[in-house]
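# Coordinate analysis (summary)
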Amino acid sequence: MSTAIHKSSHGSVHESPKYKGKVLPLEYTSHEGPLNILGFWIFLATDLILFGCLFATYFVLRTHVDGGVTDKELFDNITSFTAETVILLTSSFTSSLAIFAMRNNNKKRLIGWLIVTVILGLSFVGLELREFIEYYHEGYTMSRSAFLSGFFTLVGTHGCHVSLGIIWMISIITQIARYGIDAINARKTFIISLYWHFLDIVWVFIFSVVYLTGVVS
Amino acid sequence: MLDRLKEFASNFFVTGEPMIYMSDVAIVLVSLAIIFTLTYFKKWKWLWREWITTVDHKRIGIMYLISALLMLFRGGVDALLMRTQLALPNQHFLDAQHYNEIFTTHGTIMILFMAMPFIFALFNIAVPLQLGARDVAFPYLNAISFWMFFFGALLFNLSFVIGGSPDGGWMSYPPLTELPTDPGPGENFYLLGLQISGIGSIATGINFIVTILKMRAPGMKLMKMPLFCWSVLASCIVIIFAFPALTIALLLLMIDRMAGAHFFTMTGGGNPMMYINLFWVWGHPEVYIVILPAFGILSEVVATFSRKKIFGYASMVASLMVISIVSYLVWAHHYFVMGASAGVNSFFGVASMIIGIPTGVKIFNWIFTMFRGRVRMTLPIYWTMAMITCFAFGGMTGIMLAAVPIDYQVHNSYFLIAHFHQTLIGGVVFGLLAGLYYWWPKMFGFKLNERLGKWAFWFFNIGFYVCFMPQYALGFMGMTRRVYTYPADAGWTSMNFTSTIGAYMMGVGFIFMVVQILYSIKYGERDLTGDPWDGRTLEWSVPSPAPEYNFAHIPEVEERDAWWEMKQKGQSLVQLNHQKPFEPIHMPNNSGRPFIMSLFFFIAGFGLVFNWWWMGAVGLLGVAVTMVLRSQERHDSHYIPAEEVQRSEAALGRF
Amino acid sequence: MSQPTMNGNKAPHVPMKNLVGFLLSLILTFAALGLGLAHVMSFGMVMFIILILAVLQIVVQLYFFMHFTESDGPRYHIIGLAIAVFFVICIIGGSIWAMTFNSQAL
């Protein structure tokens with residue numbers, strides 16, 4: 001079946017490629033589409049290991065507070081991290097709505113939901129920065145204890161991923177605005193949405209095993 | 001002002017060693033010679049168009065290979081310097097600091113900048129051709145991988161003349177490598193050089209997994225793939241799941257050093273053992289990353305030169321997959337002596353021994369393939385036989401080390417050194433050399449001279465045993481690794497001296513290889529058929545070197561050893577050219593951006609090494625801009641018109 | 001673009017699947033939070049349940065949002081993710097197991 005796509009090649013698609021009797025979505029119709037999507041899934045698996053290592057480090061060092069602040073004392077602002085969680089969950093939802101709009105060939109809605117996602121992403125990063133600055137003013141910095149090193153690095157790495165995703169998403173929005181929904185843009189949009197959902201999954205674990213563990217312990 | 005400049009320069013450049021000054025002069029002269037030659041023959045444009053911007057897997061493979069051989073030279077010189085220092089007791093050929101730097105760079109270079117590009121070279125040259133594909137899945141990413149590796153290696157090697165080499169060992173264990181005990185920039189060179197090339201390695205892993213899963217010729221089911229492709233798949237699975245651990249280990253140590261965090265420090269609650277844990281989560285799978293492709297090469301070579309189907313194909317595939325999974329469950333055997341619970345040590349000890357089972361399966365299968373075959377004694381099969389022997393024994397000493405009580409006795413002694421050199425030289429290097437000789441005609445269109453190659457083979461092989469067998473004994477006699485000298489009454493002198501003789505024999509073997517290559521460029525037997533070994537797999541069905549598009553028509557595959565089966569039926573790809581009309585071929589565009597992006601990584605890395613934050617920021621900004629530009633790119637491929645394909649096939653005598 | 005059908009699997013005009021996914025993810029989040037604040041069970045037990053809820057969250061994201069059953073061929077990406085999850089468990093579990101040798105609760 002991949003040869004069928006080969007021949008029709010990217011850009012202009014003459015017949016809709018199928019797999020197991022189902023017509024494939026637009027993002028699978030170019031030569032690059034399925035390759036890039038599979039490649040990106042595998043990249044996400046790699047990124048999962050990356051975060052796994054950070055989580056492992058955090059767990060091992062969680063109690064190494066060097067007489068300083070513990071996780072229970074640090075995460076006393078439940079509203080703040082719950083708000084971050086809800087915002088990110090919502091942004092994951094809106095980015096899935098963007099894909100929904102894309103598959104209904106609704107360019108306006110697609111761009112609209114992507115912009116909402118970007119705004120939610122920005123507010124997430126903003127809240128996280130505010131949280132970090134707060135900690136900084138209370139003297140809880142990375143160089144205070146191993147626990148804090150682990151916390152800032154784990155959560156900060158996630159924040160960097162989100163920030164990168166925002167820039168990337170903006171770059172894709174500009175392309176959709178210019179060229180509309182075609183096989184190339186569909187592929188790019190689908191991939192950024194995978195990335196965005198993945199970051200949501202990572203955050204769910206940060207929420208559960210970093211923040212909630214602190215609250216429970 | 002002049003004084004300050006002088007002071008800066010004396011700190012910035014490595015000074016005070018006559019050997020280093022000599023190397024400085026050599027580096028400057030060689031660079032000038034290269035620049036002069038390129039300018040004189042007006043080759044700058046050629047270099048840029050044909051090589052630096054290329055996304056062709058065959059050219060990228062060649063660039064990987066050249067880098068690997070250069071790094072083999074540098075790592076080898078490091079080894080000879082060490083062996084010279086240790087030849088006799090109480091020598092002052094190298095001082096302690098210099099010795100530390102040399103064993104650090106030797107280990108790092110040989111694993112990350114020699115073995116890795118060497119396997120990537122063979123991945124690139126062989127995998128798409130064996131699969132019947134026109135390129136890898138992500139040609140642009142492939143170029144990024146190469147240039148990331150290149151600039152990572154360049155950054156690391158720069159420490160030789162600028163700032164000072166790293167001296168914390170190739171594993172770079174904290175707390176020694178933390179800022180208070182290792183303030184120089186050398187350690188930063190290590191961290192950033194490895195980080196940059198590591199990103200490239202992960203990208204290569206993803207690239208080849210997708211290539212193998214998605215780009216196979218029609219009819220080539222997974223279980224009909226050549227075994228080398230299976231081994232690459234297994235190796236890439238290990239790459240993508242192991243390298244992130246190295247990324248994190250290096251990143252956290254870098255944060256410790258640059259932002260004052262306390263991951264691995266002795267103060268602030270840090271735990272240095274966590275670095276060692278993370279490092280080996282990558283480090284042990286890493287040795288399987290480099291050995292698995294060697295297993296694949298052997299499977300191709302024994303089948304081809306025995307003129308037989310490989311014995312036990314399915315068990316070969318299964319053992320590759322088992323190794324790639326179990327390799328994750330053994331990492332803690334690198335620190336049995338840490339004092340973990342008996343449960344931990346037993347688990348990781350037993351898991352390490354289990355790896356011996358699938359490996360044994362492979363060794364038997366190779367032997368049974370050769371058994372009752374008419375084995376043609378060519379260079380690839382020489383190295384294959386040498387590898388099977390050497391690796392089997394190296395593996396056995398590994399089983400000894402996996403037994404925890406023995407490990408307590410011999411860990412970090414020369415026994416360990418002998419063990420891992422026997423698996424990494426006797427396994428990886430021998431295997432890769434077999435692959436190099438095997439695919440060389442495919443890469444360059446001529447064979448390497450057999451006579452000179454056999455000289456190289458015997459010098460290298462005998463040298464290997466003379467060098468490393470005494471080291472097992474030295475380990476039992478109590479000599480630990482990384483000592484820069486030893487007293488005369490330790491009783492180690494004769495063994496060490498013998499070992500040094502062996503090392504120089506291997507050096508002579510390497511020189512023979514260089515001579516062999518230079519000689520064969522001029523006088524080597526040209527490969528006009530594209531199938532010099534009477535091969536079995538699809539890479540031998542196309543001319544040597546393969547045209548840009550690899551296959552004018554993608555062949556339909558029905559059996560394992562597709563090309564062999566075609567030949568048995570009297571078919572060839574030339575017939576396809578006559579039967580089917582030529583069609584335009586979809587090819588990726590060349591791009592200079594992978595080079596420029598990696599250059600920005602290099603700039604960022606260099607700035608971070610010296611804590612010049614502005615430079616780091618400039619570099620990272622450049623990286624971001626090139627990435628956004630890539631994201632904005634919409635068409636990065638073109639078509640080779642059918643007429644041009646036809647013309648080029650005709651020029652190759654195939655139409 | 002001249003692309004009549006975006007999705008052959010008959011795209012509905014109300015994103016029901018997405019809405020259900022969103023609701024489930026919110027419910028799971030607040031269940032975990034409520035459990036964390038309630039202090040009714042032992043630490044180990046709470047952590048166990050919270051982890052299970054987090055795993056359910058992954059399933060929700062994968063199934064409702066990420067279209068992870070879609071593919072144009074064999075679903076290699078699911079195998080890849082499964083291996084990744086296995087290794088993550090190995091790395092985290094193994095690291096904690098090995099590193100508790102001298103756990104200094106400073």
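Residues numbered from 1 in each chain as written. Chains lettered and ligands numbered in written order. Predicted model: local features only at pLDDT ≥ 70, side-chain atom pairs only at ≥ 80, totals over all residues. Heavy atoms only, no water.

### A closer look at the overall build of chain B
Under the convention used in this document: Comment: elements are numbered from the N terminus, with helices defined as DSSP H or I runs of at least four residues and strands as E runs of at least two. The size measure is the radius of gyration over C-alpha atoms, and the globule rule it meets is 2.2 Å times the number of residues to the 0.38 power. Working definition: with a 1.4 Å probe on protein chains only, accessible area under 20% of the residue-type maximum means buried, over 50% means exposed, and in between means partly exposed. Contacts between residues were defined by any pair of non-hydrogen atoms, one from each residue, lying within 4.5 Å. Two residue types count as positive, namely Lys and Arg, and two as negative, namely Asp and Glu; His and chain ends fall outside the count. Charge coordinates come from a single atom per side chain, which is NZ of Lys, CZ of Arg, CG of Asp or CD of Glu.
For chain B, the count of helices and strands is 22 helices and 2 strands. Taken over C-alpha atoms, the radius of gyration comes to 25 Å for chain B, in line with the 26 Å a tight globule of 655 residues would show. Along the first, second and third principal axes, the C-alpha set of chain B runs to 75 × 65 × 50 Å. For chain B, with 655 residues in total, the buried portion stands at 62%. Considering only intrachain contacts with a sequence separation of at least 6, the fraction spanning at least 24 residues in chain B is 83%. Here chain B carries 41 positive and 37 negative side-chain charges, and the mean point of each set is 9 Å from the other.

### Quick notes on the overall build of chain A
Scanning chain A for helices and strands turns up 7 helices and 2 strands. Ordering the α and β elements of chain A from the N terminus gives α-β-β-α-α-α-α-α-α. Its C-alpha atoms give chain A principal-axis dimensions of roughly 70 × 30 × 25 Å. When each of the 217 residues of chain A is scored for burial, the buried share is 69%. Summarising the internal contacts of chain A: among those between residues at least 6 apart in sequence, 78% fall at separations of at least 24. When the 15 basic and 15 acidic side-chain charges of chain A are each reduced to a single mean position, those positions are 16 Å apart.

### A closer look at empty space enclosed by the protein
Heads up, the condition is: Points on a 1 Å grid over protein atoms alone make up a cavity when a 1.4 Å probe fits among them but cannot get out, and a pocket when they form an open set with protein on both sides within 12 Å along at least five of seven lines; lining residues each have an atom within 4 Å of a point. Grid points are joined across faces, edges and corners, and a volume is the space filled by probe spheres set on the points. The nonpolar class holds Ala, Val, Leu, Ile, Met, Phe, Trp, Tyr, Cys and Pro. Asp, Glu, Lys and Arg form the charged class, and all remaining residues, Gly among them, are polar.
On inspection of all chains with the given rule, the structure shows 6 cavities of 30 Å³ or more. Space inside the largest cavity adds up to approximately 60 Å³. Lining the largest cavity are Tyr28, Pro34, Ile37, Leu38 and Trp41 of chain A, Lys214 of chain B together with Glu70, Ser71, Asp72, Pro74, Tyr76 and His77 of chain C. Sorting the residues of the lining of the largest cavity by element identifies α2 (32-61) of chain A together with α3 (76-99) of chain C as the ones contributing at least two each. Residue contributions to the lining of the largest cavity peak at 4 residues, all from α2 of chain A. Broken down by class, the residue content of the lining of the largest cavity amounts to 7 nonpolar, 2 polar and 3 charged. When its volume is computed, the second largest cavity comes out at roughly 50 Å³. What lines the second largest cavity is simply Val542, Pro543, Asn550, Phe551, Ala552, His553, Leu573, Leu576, Asn577, Glu649 and Arg654 of chain B.

### Structural notes on the pattern of salt bridges
Stated formally: Salt bridge, as used here, is a side-chain nitrogen of Lys or Arg placed within 4 Å of a carboxyl oxygen of Asp or Glu.
Within the structure shown, the criterion is met by 21 salt bridges over all chains. Across the pair Arg634 of chain B and Asp182 of chain A runs a salt bridge, and its minimum N-O distance is 2.4 Å. With one member in each of two chains, Arg634 of chain B in the loop between α21 (613-632) and β2 (637-640) and Asp182 of chain A in the loop between α6 (146-179) and α7 (183-216) form a pair that bridges those chains. A residue is classified by how much of its surface remains accessible, and Arg634 of chain B, at 12% relative accessible area, is buried. In this structure, Glu633 of chain B engages Arg593 of chain B in a salt bridge whose closest nitrogen and oxygen atoms are separated by 3.0 Å. Separated by 40 residues along the polypeptide, Glu633 of chain B in the loop between α21 and β2 and Arg593 of chain B in helix α20 (residues 593-609) bring together distant segments of the chain. The class for Arg593 of chain B is buried, based on a relative accessible area of 19%. Here the residues in one salt-bridge network are Arg307, Asp531, Asp534 and Lys567 of chain B, joined through shared partners.

### Details of the environment of Thr108 of chain B
Residues and elements named next belong to chain B. Note that Thr108 resides in helix α5 (residues 96-131). Judged by its relative accessible area of 0%, Thr108 is buried. A sequence separation of 189 residues divides Thr108 from Ile297, and the C-alpha atoms of the two residues are 24 Å apart. What Thr108 contacts, discounting residues up to four positions off in sequence, is Phe113, Phe156, Trp170, Tyr190 and Leu194.

### Quick look at the interface of chain A and chain B
Heads up, the rule is: Here's the idea: put two parts together, see how much 1.4 Å probe accessible area each one loses, and the total over both is what we call buried area.
Chain A puts 43 residues into the contact, and the matching count from chain B is 39 residues. Here chain A and chain B share an interface that buries about 3,400 Å² over both sides, 70% of which is from carbon and sulfur atoms. The largest per-residue losses of area from chain A upon contact with chain B belong to Leu35, Ile42 and Thr46 of chain A, which jointly make up 15% of the total buried on that side. Among the secondary structure elements, those contributing two or more residues to the side of chain A that touches chain B are α2, α6 and α7 of chain A.

### Quick word on the interface of chain A and chain C
With 64 residues of chain A at the contact, the number on the chain C side is 61 residues. Summed over both sides, the interface between chain A and chain C buries roughly 5,300 Å², with carbon and sulfur atoms accounting for 74% of that surface. At the junction of chain A with chain C, the criterion picks out 1 salt bridge. Among the salt bridges present, the one from Glu70 of chain C reaches Arg103 of chain A, with a minimum N-O distance of 2.4 Å.

### Some remarks on the packing of aromatic side chains
Note the following rule: Planes of paired rings set the category: under 30 degrees apart is stacked, over 60 is edge-to-face and the rest tilted, where pairs are Phe, Tyr or Trp rings (Trp by its six-membered ring) whose centres lie within 6.5 Å. Note on criteria: charge over ring means Lys NZ or Arg CZ within 6 Å of the ring centre, with the direction from the centre no more than 35 degrees off the ring normal.
Per the counting criterion, the structure on display carries 103 aromatic pairs over all chains. Between Arg59 of chain B and the ring centre of Trp51 of chain B, over which it is positioned, the NZ or CZ distance is 4.9 Å. A cation over a ring is seen here: Arg634 of chain B above Tyr179 of chain A, with NZ or CZ 4.0 Å from the ring centre.

### Here we look at the packing of α2 of chain A against α7 of chain A
All names here are of chain A. This is how it is decided: Orientation is described by lines fitted to C-alpha atoms, with helices fitted over the stretch in contact, and by angles between N-to-C directions that extend from 0 to 180 degrees. Just so you know how the angles are binned, under 35 degrees is roughly parallel, over 145 roughly antiparallel, 65 to 115 roughly perpendicular, and the rest oblique. Here a crossing is called left-handed whenever its near helix is offset anticlockwise from the far helix by less than a right angle, and right-handed whenever the offset is clockwise.
Between α2 and α7, the least distance of the axes is 10 Å, while the angle of their chain directions is 15°. The angle between the axes of α2 and α7 places the two elements in the roughly parallel class. Crossing of α2 against α7: the hand is right-handed. For the contact of α2 with α7, the class distribution of residues is 19 nonpolar, 2 polar and 3 charged.

### Quick look at a positive patch on the surface
Under the convention used in this document: Patches in this entry comprise residues that are over 30% relatively accessible and not in a salt bridge; like charges within 9 Å are linked, as are nonpolar side chains (Val, Leu, Ile, Met, Phe, Trp, Tyr) within 5 Å. Computed with the Shrake-Rupley method and a 1.4 Å probe, the accessible areas treat only the protein chains shown as cover for residues.
A cluster of basic residues, Lys20 and Lys22 of chain A together with Lys17 and Arg75 of chain C, forms a positive patch at the surface. In this structure, Lys22 of chain A sits in strand β2 (residues 22-23).

Everything listed is a geometric property; what it means functionally is a separate question.
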